[in-house]
Amino acid sequence: MNPQTVEALSSQLKRGEYGDPPLQLLAEAAQRIADELAVPSARTTQQEIRSAMQVLNRHRHFDLTRLIGQAWHDTRGCDARVQKHLAQALIELGAFDAADGLLDEAIQQATGSANLEFVAEAPEYQGLRGRVRKQKFVQGGDVNLLRAATDAYLQQYIATGALWHGVNVIALRLREDRHGLPARGGDSVPQLARAVLEKARDAGRRNARDPWSLAIACEACLALQDTEPAAGWCDQSELWLYRFLAHPAADPFAIESYYRQLREVWNGNPLGTDSCVDRLAGIIERHVARTQRRWSVDPRSAMDLAKHPEELEKNFSGEKAFTVGDLRNMLALCPSIGCVIDASGVRMGTGFLMAGSAFGLQFDLVFVTNAHVISDTVPRSLRPEEARITFETESVSAGAPRAHIIDRVLFTSEPEEVGRVLEKPEKLDVTIVSLKTLPADVKGLARATNIPLPAPTTKAFLVGHPRAGPLQFSVHDSLLLDVCRYERIMHYRTPTEAGSSGSPVFNSKWEVVALHHAGSQKARRLNGPGEYQANEGITLRAIRRAMGAEG
Amino acid sequence: MKKYTVVFVHGLAKKPPPEKLEEIWRWGLSRPDPNNDAFPNPNPGIDLDVEGVPALFNYYADVFYGEDYESEFESYYEAENAVVQPGNLDAVAGELKPAQPANERERRFLAEFERKMNAQPTPPAPPADPSAPVVTEAAELEIASWLPGPVKEAIIKKAAMEAYYFLFDKEYQRKDGRRFKVRQELRNRLLEVLDKAGQQGENIVLVTHSMGTMVAYDVLRNCPSCPPVDTLFTIGSPLGVQEVQDELVAEGENQVDFPVATLRRWINVYDPKDPVCGADPRFANDYKAVAGKSVEDMEESNWGSWRHTITHYFAGKLFRARVAEALGVQLR
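None of the values given here were measured: they were computed from a predicted structure.

Draft legend 1. Representation of the overall build of chain A within the structure. A count of helices and strands for chain A gives 19 helices and 14 strands. Relative to the 2.2 N^0.38 estimate, which gives 24 Å for 551 residues, the radius of gyration of chain A is 24 Å and therefore close to what a compact globule would have. Summarising its shape, the C-alpha atoms of chain A cover approximately 75 × 65 × 45 Å along the three principal directions. Taken over 551 residues, chain A has a buried fraction of 56%. For chain A, the share of sequence-separated contacts (at least 6 apart) that also reach a separation of at least 24 residues comes to 64%.

Spelled out as structure tokens, the structure:
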């Protein structure tokens, strides 16, 4: 049974138990644990913190892991496992430099201290260091980072024989070859790939419940196709991919992780037809669109598609989940949707650009997000002067991350409890800011003139940056549940994750109807008694009304 | 209260159950890019739920055809290319008791109405194609494109009879024995729906098709209790037929006119090859302008050999633009 109080849930987390709690309660429980650490005499044990962080990472609540881990690090210093969990969370959140700093600190402990816990974790630190280098290489294209990433994975693979690291060594070595880096000694890539494939087959036979060995086998075959193009490895790779996708434990996160590897490390393009990896990427893309009614797009693909819209027709015309027109409209949204990050690069939320006139403001474009993401007064939000806004499409075009800073706060309204419908005062959980600089050629998102009616076919789609990964379109199970009588709040069943705060909520014409701000498994119904699982958005109409832009 | 409410009024022949008919009409209006040949893309639809516009459906097919609805609907959205065959016409369009004209005026009405509609040049019937799917249900007729000549004639005959029962307020006895005074019953039903609509929205937009256009005009012009309507759409309407106008003219008047007391704007949508409105598809010259208000006639393409299909009219770009304007929504 789910715990109903913050206290009960924090105790549960400290025992390493999860139980699918409401997100709001979970955030409060994590904050409670972090607050406990501020008291020197607190009885919270090291093991409890490790367990809580491990379970939060497993369920991808990286922001909460970071909250607890940072509190530990600030008050207690470096612990072998806390450091590892915290570094993992920071990597997932995109704070690569901060993660690197933690890993350096831990590796130093492993080499210079008698604490064997650090020594035992050292291969993990190296593996994570490899991941940091890999992600930074993907982001900036620096081949020195590519080399460093391969070295780190190799060290980990030699030490532990872990398949995941082995397959990363293979993928990164092929990238090294493509970049013309000096050849390495030891086993060749095909030798490594055959060894990893054999081990993955064996692991799959021994543990049928683990989907990862199937993805690894797929990737090993992909590497063999690269080195032995005439031997039919692509068909083998495709076969393993279908096995992976059909595996009951291959959940959306597992599929997305593998898909990201194919796109980012192998340069797979779901709309391309040139290579085996394109073929695999296309299979995953269509599988996700069909089974999850969700569509992720990385900025590079979005830009390619914008230049070659005929590719959409070719690849998606047979799909019923989205029309080609839908996809075209969705792509056009990408440049206007941004990520709110802190000074260390951690993703704190989403936001979007709209014409200032939509809010009665004399600005070409303004940036809209939640007050619990950016505010001068709301606890745990980013201060405006600390916040940075990035737009992935722009950063990819520029070849390096581009951050925009806030010029001034134009309007803000603090958050209200989920499902609370009051006529006055209106608490809208919104902050609207002007930016000192803007991405070029961005027009902002279109505003819906009307609030949709809840009906069995009325949808509410979310687009944002959930945790890590590319811009994600949540179109699965996206039913609009209800709208409050003041047309201020709307509830929808659209799945959301941390990082979705501040996301635009769209109607099926891809016009913004609301600003997403929270979710709850036990939200009060907007009309009538009772509770249900719902996500909640603040209507643009309510924001406009509060700003005097609408009567 | 919402700014606008839509009231739909359906046309002739047997219909699927009310909720299915409404679903088909909403689909017809909302589907994007429905027929690139007739209306080049992009041609966005209007989803009333997305636009926050409540809609009510005024249903009266049961007065003539009872409630023996079909229950299988799986294929009806695929029926656009299906053909209605004479052999199953009654199953598709419903059986109507033959009219029994009581006097010369009624006899003349039936003969002239039918003659004028059959006289209209319409697209040729499709060549016999044994592989073409056959329409078997009323729901499929709602979106069918292809009607062979004999079927068209039979449906026109049915239209004449329905108009007759309504305009002459005849008592109609259904198969199950239930009796209705047709004009009174249809007036009451629409008035009730309009009252409900008035409670939901500040402005009513009335979208009517075929025989339903007669009911709408009659209520707007001849029922003093009719609430104000912002915009009336008449689509594929027989209101241009002189014999119909003769029966709808208001008491004390010698010509049909714009119902200015209850209506702000009237847009009449027609395809000249639609047999139901083809005899006289334009109304501006028939319905006398009052206080500067007159009917706005608008030609819109339908397609296939049966140019009366409502879901095809709903696909029209001009029509959609006018509806969007009437509802204050943006087409995207």
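Draft legend 2. Region of interest: the overall build of chain B. Scanning chain B from N- to C-terminus turns up 12 helices and eight strands. Here the C-alpha atoms of chain B give a radius of gyration of 19 Å, agreeing with the 20 Å that 2.2 N^0.38 yields for 332 residues. Total accessible area computed for chain B in this model is approximately 13000 Å², and 47% of it derives from carbon and sulfur atoms. Here chain B carries 38 positive and 52 negative side-chain charges, and the mean point of each set is 4 Å from the other.

Draft legend 3. How the structure looks around the packing of helix α11 (residues 212-227) of chain A against helix α12 (residues 233-246) of chain A. Residue and element names in this part refer to chain A. With their axes 8 Å apart at the nearest point, α11 and α12 run at an angle of 165° to one another. Looking at the two axes, α11 sits roughly antiparallel to α12. By crossing handedness, the relation of α11 to α12 is classed as left-handed. Mapping the contact onto sequence places Leu 214, Ala 215, Ala 217, Cys 218, Cys 221, Leu 222, Leu 224 and Gln 225 in α11 and Trp 233, Cys 234, Gln 236, Ser 237, Trp 240, Leu 241, Arg 243 and Phe 244 in α12.

Draft legend 4. Local environment of empty space enclosed by the protein. Residue and element names in this part refer to chain A. In total, this model carries seven cavities of 30 Å³ or more according to the counting rule given. Its volume calculated, the second largest cavity comes out at about 60 Å³. What lines the second largest cavity is simply Arg 447, Ala 448, Thr 449, Asn 450, Ile 451, Val 513, Leu 540, Arg 541, Arg 544 and Glu 550. No other element matches the three residues that helix α19 (residues 540-546) contributes to the lining of the second largest cavity. Here the lining of the second largest cavity is built from residues that sort into four nonpolar, two polar and four charged.

Draft legend 5. Looking closely at the interface of chain B and chain A. With 11 residues of chain B in contact, the opposing surface of chain A contributes 15 residues. Each partner contributes to the roughly 1100 Å² buried at the junction of chain B and chain A, and carbon and sulfur atoms together form 45% of this total. The largest per-residue losses of area from chain B upon contact with chain A belong to Asp 49, Val 50 and Arg 332 of chain B, which jointly make up 54% of the total buried on that side. Counting across the chain B and chain A interface gives three salt bridges. Between Lys 509 of chain A and Glu 51 of chain B there is a salt bridge, and its shortest N-O distance comes to 2.5 Å. Here chain B and chain A share seven residue pairs in polar contact (both at pLDDT 80 or more) between them.

Draft legend 6. Representation of the sheet that holds strand β8 (residues 296-299) of chain B in the model. Residue and element names in this part refer to chain B. Reading across the sheet, the six strands line up as β2-β1-β5-β6-β7-β8 and stay open at both edges, with parallel pairing between neighbours. Two strands in the sheet have a free side with no partner beyond their single neighbour: β2 (55-58) and β8. Averaged over all pairs of adjacent strands, the angle between their axes in this sheet comes to 20°, without regard to strand direction. When strand β6 (residues 229-235) meets strand β7 (residues 263-270), the two strands line up parallel, connected through six bridges. Looking at β7, one finds that Ile 235 is bridged to Val 269. This element, helix α7 (residues 182-200), spans β1 (2-9), β2, β5 (201-209) and β6 of the sheet and lies at about 145° to β5. Where helix α12 (residues 317-327) meets the sheet, it contacts β1, β5, β6, β7 and β8, and its direction lies at approximately 170° from that of β6.

Draft legend 7. Geometry of the environment of Val 288 of chain A. Its location among the elements puts Val 288 of chain A in helix α14 (residues 276-292). Each C-alpha atom of the pair Val 288 of chain A and Thr 369 of chain A lies 28 Å from the other, and the pair is 81 residues apart in sequence.

Draft legend 8. Region of the structure containing the pairing of strand β7 (residues 430-435) of chain A. All names here are of chain A. Here β7 lies mainly inside the structure; six of its six residues are buried. Burial along β7 is two-sided: Val 430, Ile 432 and Ser 434 and Thr 431, Val 433 and Leu 435, pointing in opposite directions, are all buried. When strand β4 (residues 365-369) meets β7, the two strands line up antiparallel, connected through three bridges. Within β7, the residue paired with Phe 367 across the bridge is Val 433. Inspection of the sheet shows strand β6 (residues 403-413) paired to β7 by six bridges, in the antiparallel sense. Bridge pairing in β7 links Ile 406 to Leu 435.

Draft legend 9. Region of interest: the packing of aromatic side chains. All names here are of chain B. Applying the stated criterion across every chain, the model contains 28 aromatic pairs over all chains. A centroid spacing of 5.4 Å and a plane angle of 85° characterise the contact between Trp 25 and Phe 314, whose relative ring orientation is edge-to-face. Taken together, the residues Trp 25 in helix α1 (residues 18-30) and Phe 314 in the loop between α11 (310-313) and α12 connect sequence positions 289 residues apart. Taking the relative accessible area as the measure of exposure, Phe 314 reaches 0% and is therefore buried. Considering the side-chain rings of Phe 64 and Tyr 172, the 5.3 Å spacing of their centres and the 80° angle between planes classify their relative orientation as edge-to-face. A residue pair is termed long-range when its members are at least 10 positions apart, and Phe 64 in helix α2 (residues 61-65) and Tyr 172 in strand β3 (residues 171-173) qualify at 108 residues.

Draft legend 10. Structural detail: the sheet that holds strand β3 (residues 347-355) of chain A. Residues and elements named next belong to chain A. Taken in spatial order, the six strands of this closed barrel run β2-β3-β4-β7-β6-β5, and their pairing is antiparallel. Pairs of neighbouring strands in the sheet enclose a mean axial angle of 40°, with direction left out of account. Note: β3 against β4, four bridges, orientation antiparallel. In the sheet register, Leu 353 faces β4, and the bridge partner there is Phe 367.

Draft legend 11. Here's a closer look at the nonpolar core. Ranked by internal contacts, the top residues of the largest apolar core, which has 67 residues, are Val 7, Phe 113, Leu 206 and Trp 266 of chain B. Top contributing element to this core by residue count: helix α6 (residues 149-167) of chain B, with 11 residues. The residues contacting Leu 206 of chain B, other than those within four sequence positions of it, are Val 7, Val 9, Leu 190, Leu 194, Ala 216, Leu 220, Val 229, Thr 231, Leu 232 and Phe 233 of chain B. Leu 181, Ala 217, Tyr 258 and Cys 276 of chain A belong to the second largest nonpolar core, which has 51 residues in total.

Draft legend 12. Structural detail: the side chain of Asp 342 of chain A. Residue and element names in this part refer to chain A. Mapped onto the elements of the fold, Asp 342 is located in the loop between β2 (337-341) and β3. What makes Asp 342 buried here is its relative accessible area of 9%. Apart from the residues within four sequence positions on either side, Asp 342 is in contact with Arg 66, Met 348, Leu 382 and Glu 386.

Draft legend 13. Local environment of α7 of chain B. The terminal C-alpha atoms of α7 of chain B lie 28 Å apart, and with 19 residues this matches the ideal 27 Å at 1.5 Å per residue to within 8%. When α7 of chain B is considered as a whole, its buried residues turn out to be Val 182, Arg 183, Leu 186, Arg 187, Arg 189, Leu 190, Leu 191, Val 193, Leu 194 and Ala 197 of chain B.

Draft legend 14. Focus on helix α5 (residues 80-93) of chain A. Residue and element names in this part refer to chain A. For α5, spanning 14 residues, the distance from its first C-alpha to its last is 20 Å, which sits close to the expected 20 Å at 1.5 Å a residue. Along α5, 12 of the 14 residues are buried, which leaves the element largely enclosed by surrounding structure. Within the sequence span of α5, burial applies to Ala 80, Val 82, Gln 83, Lys 84, His 85, Leu 86, Ala 87, Ala 89, Leu 90, Ile 91, Glu 92 and Leu 93. Two to three positions downstream of the cap, the backbone nitrogen of Arg 81 sits 3.1 Å from a side-chain oxygen, assigning the N-cap of α5 to Asp 79. Where α5 terminates, the next one or two residues include Gly 94, which has phi positive at roughly 95°.

Draft legend 15. How the structure looks around the pattern of salt bridges. Here the structure, examined in full by the defined rule, presents 54 salt bridges over all chains. The residue Arg 105 of chain B makes a salt bridge to Glu 247 of chain B at a minimum N-O spacing of 2.7 Å. On the criterion of sequence distance, the pair formed by Arg 105 of chain B in helix α4 (residues 104-119) and Glu 247 of chain B in helix α9 (residues 242-248) is long-range, its members being 142 residues apart. For Glu 247 of chain B, a relative accessible area of 14% corresponds to the buried category. Each of the salt bridges in this network shares a partner with another, and the network as a whole consists of Glu 487, Arg 541, Arg 544 and Glu 550 of chain A together with Lys 2 of chain B.

Criteria and cut-off values
Note on numbering: residues in each chain are counted from 1, in written sequence order. Each chain takes a letter, starting from A, and each ligand takes a number, starting from 1, following the order in which they are written. Reporting in this predicted model follows two pLDDT cut-offs: at least 70 for local features of residues, and 80 or more for side-chain atom pairs to be given and counted; totals over whole chains, interfaces and linings ignore these cut-offs and use all residues. Computation of side-chain values covers all heavy atoms of the structure but excludes hydrogens and water. Secondary structure elements follow DSSP: runs of H or I of four or more residues count as helices, runs of E of two or more count as strands, with numbering from the N terminus. Radius of gyration: over C-alpha atoms. The globule rule applied is 2.2 Å multiplied by the number of residues raised to the 0.38 power. Buried residues are those whose accessible area, probed at 1.4 Å on protein chains only, stays under 20% of the maximum for their type, while exposed residues exceed 50% and partly exposed ones sit between those limits. In what follows, a contact means two residues having at least one pair of non-hydrogen atoms within 4.5 Å. Accessibility throughout is a Shrake-Rupley quantity obtained with a 1.4 Å probe, and a residue counts as covered only by protein chains that appear here. For this count, His and the chain ends are skipped, Lys and Arg are scored as positive, and Asp and Glu as negative. Think of each charge as sitting on NZ of Lys, CZ of Arg, CG of Asp or CD of Glu. Here the axes come from fitting lines to C-alpha atoms, over the contacting stretch only for helices, and the angles between their N-to-C directions go from 0 to 180 degrees. Any angle between 65 and 115 degrees counts as roughly perpendicular, while under 35 counts as roughly parallel, over 145 as roughly antiparallel, and the rest as oblique. Here a crossing is called left-handed whenever its near helix is offset anticlockwise from the far helix by less than a right angle, and right-handed whenever the offset is clockwise. Grid points spaced at 1 Å over the protein atoms alone were grouped into cavities, where a 1.4 Å probe fits but cannot get out, and pockets, open sets with protein on both sides within 12 Å along at least five of seven lines, with lining residues defined by an atom within 4 Å of a point. Grid points are joined across faces, edges and corners, and a volume is the space filled by probe spheres set on the points. Gly is placed with the polar residues, together with every amino acid not listed as nonpolar (Ala, Val, Leu, Ile, Met, Phe, Trp, Tyr, Cys and Pro) or charged (Asp, Glu, Lys and Arg). The term buried area denotes the loss of accessible surface (1.4 Å probe radius) that occurs when two parts are joined, taken as the sum for both partners. By definition, a salt bridge exists where a carboxyl oxygen of Asp or Glu is found within 4 Å of a side-chain nitrogen of Lys or Arg. In protein, a polar contact means a hydrogen-donor-capable atom and an acceptor-capable atom, both N or O and within 3.5 Å, with residues adjacent in sequence counting only if both atoms are side-chain atoms; elsewhere, any N or O pair within 3.5 Å suffices. In this analysis, strands are considered paired if DSSP registers two or more bridges between them. By convention, a stacked pair of Phe, Tyr or Trp rings (six-membered ring in the case of Trp) has centres within 6.5 Å and planes under 30 degrees apart, an edge-to-face pair has planes over 60 apart, and any other such pair is tilted. Only buried residues count toward a nonpolar core, which is a set of Ala, Val, Leu, Ile, Met, Phe, Trp, Tyr and Cys residues joined through side-chain atoms within 4.5 Å. In this analysis, the expected span of each helix is defined as 1.5 Å times one less than the number of residues it contains.

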